[in-house]
Amino acid sequence: MVLCSDFLTAWQQLRGGQINCQQALQLLRDEQGMLTLSLLDDEVCQRFFQLFPEGQELPPVVPLLLWRNCYYLGSPVALTPDLVQSICDRTLTQVKILPITEKSYRCWHHTRHVDLNRIGDAPLVNPLTGNHDAEDISETTELFLSKADDQIERIKTIIASALRNRASDIHLEPTTEGLQIRYRIDGVLRHVTKLPLEVSRRVIVALKVMASMDIADSRRPHDGRIGEEYLSGDGKALGMDMRVSTLPCVCGEKAVVRLLPRKNPFSTIDKLGFSPKVLPTYKTWLEQPQGLIIFTGPTGSGKTSTLYTSLQAIAKEHVNVVTVEDPVEYVLPHITQTQVNEAAGMTFAAGLRAILRQDPDIIMLGEIRDHETADTAVRAALTGHLVFTTLHTNDAVGAIPRLQDIGPDPSLVSDALLGVVAQRLVRRICPHCSEAYTATDTDLERLGLLPSQVNENPVLHRGRGCSQCLDSGYLGREAIVELLEVDEPIREIIHSGNIIDLHRYLRETDFMSFRQAAIEKVFAGVTSIDEVFRVLPRSALRVPSPQPQRLPPKLVAQLPG
Ligand SMILES: [Zn+2]
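Rules used in this analysis
- Residues numbered from 1 in each chain as written.
- Predicted model: local features only at pLDDT ≥ 70, side-chain atom pairs only at ≥ 80, totals over all residues.
- Heavy atoms only, no water.
- Phe/Tyr/Trp six-rings, centres within 6.5 Å; stacked < 30°, edge-to-face > 60°.
- Helix = DSSP H or I, 4+ residues; strand = E, 2+ residues; numbered from the N terminus.
- Buried < 20%, exposed > 50% of the residue type's maximum accessible area, 1.4 Å probe, protein only.
- Lys NZ or Arg CZ within 6 Å of the ring centre and 35° of its normal.
- Polar contact = N/O pair within 3.5 Å; in protein donor to acceptor, adjacent residues only side chain to side chain.
- Donors = N, O, S within 2.8 Å, 3.2 Å for Na, K, Ca; no water.
- Tetrahedral: all angles 85-135°; square planar, octahedral: opposite > 155°, others 65-115°.
- Salt bridge = Lys/Arg side-chain N within 4 Å of Asp/Glu carboxyl O.

1. Here's the deal with the packing of aromatic side chains
Aromatic rings in a pair are described by how distant their centres are and how their planes are angled relative to each other.
1) Next: Scanning the entire structure with this criterion turns up 10 aromatic pairs.
2) Next: Each ring, one from Tyr-282 and one from Phe-295, has its centre 6.5 Å from the other, and the planes form 85°; the classification is edge-to-face. In this pair, Tyr-282 is assigned in helix 9 (residues 279–286) and Phe-295 in strand 10 (residues 291–296), connecting sequence segments 13 residues apart.
3) Next: Exposure remark for Tyr-282: the relative accessible area of 0% places this residue in the buried category.
4) Next: A relative accessible area of 1% places Phe-295 in the buried class.
5) Next: Three or more aromatic residues joined by ring pairs form one cluster here, namely Phe-48, Phe-49, Phe-52, Tyr-71, Tyr-105 and Trp-108.
6) Next: The ring of Trp-11 carries Arg-15 above its face, with NZ or CZ at 4.0 Å from the centroid.
7) Next: In this arrangement the basic side chain of Arg-446 is found over the ring face of Phe-533, its NZ or CZ atom lying 4.4 Å from the centre.

So, in structure tokens, the structure goes:
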């Protein structure tokens, strides 16, 4: 058996006479050419590279051993005899080249060039091709973590790796086996690594220090922000706000880091995910001089993005746009944003009253909770203001009884309301590994469709999983939107207050329900049936009548076949 010590590199073991050269090479490199990076020796590396001044062209090589006046170098490419000779001439030693895998070379290159003191979001660059490197998120994070000297470096490594992989949140959760690290990517949590039990508590304490929290008090929840002194540059260069919160739990303290981009991340209305069928309708609402537009959806449904993107599109020089929010999540240009502060008496209702004295054209009201706010908002929408607000309901139709419960006069609501947008975010199928397949009867059944309603051999898509999408099959997200336009018949139904009539009316018309929007997105290859079922409420996918609903002729014509 080969002697192996956790603390000695292969070269040190070789020099200590514990193993021979052949055994040292076997420790460093397996039969497939994969390197064990932790057993490489920094001194061998240093000695080799100091012979080659900065900027001098060198083929991709990893110094493995220096033994009996011979450098053993690993390389992922075949070197010409001339190249090998030129290295010999420079080092004045013999040189032996051993093939190693490209992946080993890339990993070695990344750990050699990583700056653990800097939180950066630049993607890793493949040293062999110069292209952006698709990384194995767990593997790279663990590799970099193994290089970290202290807890602050560990946290910086974890944050940098989260930023490179488009994560929105980092969860650090104490368990009986250690500190579990997970990232939220495209709305779904993903296990990254587990830090050993002995460093668990120290990592959390270091994070609390970075966020200026009271480290002595671990029995209460805390919140804070990672201070500028820990960010690379002045922190502004990174364009990130990092908010930390802790929660005492049975195994210790759990911490969550939210990564919020400071620059506004909003695109254009066309890219939000509205179906082409309803997008023009939505755009006409935004052109109205007055009226009420309601956005609904749970936290994380992307309604804030839709709201902000829409406000940005219409916030021009000739209009006064004012918001009252809790909290102000992003600072937007050309918009006056105010923050609710209950203690100072700045409630949604007080804010709205103050805004109305400020000659507004467009008002955004973060939330309607009480009768007074609802009443003022509806009246503002009837007197020459375009008003945006949000409500917490399951779907678009649900907003109407909800608003009626809060209590403004139904006749005023029916006159003021332009429409309701309900939305959820679905993950997009990864374009790099998307593959087509023929829909099965089960697939159609899940969507509530009869084979007669679709083309023969209807084609759906799914992501196989690849390095670009971290093997999830999905890359990025977009909204799935249910749009309720208040037309004349709906106005009358709201006025009469009978919601059953509203459901009946919508069944008979070409209403873009969640179900319709989902079917459209699944057949367009944007997302998968599983994803639709993951995010939409079950009630939204139920076929609305005993007979499966007939697809609008336009959609059937669009189905790929
Ligand atoms: Zn993929």
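Let's pick the thread back up.
2. Re the environment of Arg-515
1) Next: Structurally, Arg-515 can be placed in helix 18 (residues 514–523).
2) Next: Residue class for Arg-515 comes out buried when judged on its relative accessible area of 3%.
3) Next: In this structure the C-alpha to C-alpha distance between Arg-515 and Val-481, which are 34 residues apart in sequence, comes to 9.6 Å.
4) Next: In terms of polar contacts, Arg-515 uses its side chain to reach the backbone carbonyl oxygen of Gly-448, at 3.1 Å.

3. So, the coordination of the zinc ion
1) Next: Listed as protein donors to the zinc ion are Cys-430 (SG), Cys-433 (SG), Cys-466 (SG) and Cys-469 (SG); their distances from the metal cover 2.3 Å.
2) Next: Classification of the site at the zinc ion rests on its 4 donor atoms, whose angles at the metal span 106 to 112°, yielding the label tetrahedral.

4. With respect to the pattern of salt bridges
1) Next: This model, assessed by the stated rule, comprises 27 salt bridges.
2) Next: A salt bridge links Arg-243 to Asp-241, with the shortest nitrogen-to-oxygen separation between them at 3.3 Å.
3) Next: For Asp-241, a relative accessible area of 12% translates into the label buried.
4) Next: The salt bridge involving Glu-531 is made with Arg-427; its shortest N-O contact spans 3.1 Å. In this pair, Glu-531 is assigned in helix 19 (residues 529–535) and Arg-427 in strand 15 (residues 417–429), connecting sequence segments 104 residues apart. For the pair Glu-531 and Arg-427, a shared accessibility class is recorded, and that class is buried.
5) Next: Each of the salt bridges in this network shares a partner with another, and the network as a whole consists of Glu-173, Arg-182 and Lys-254.

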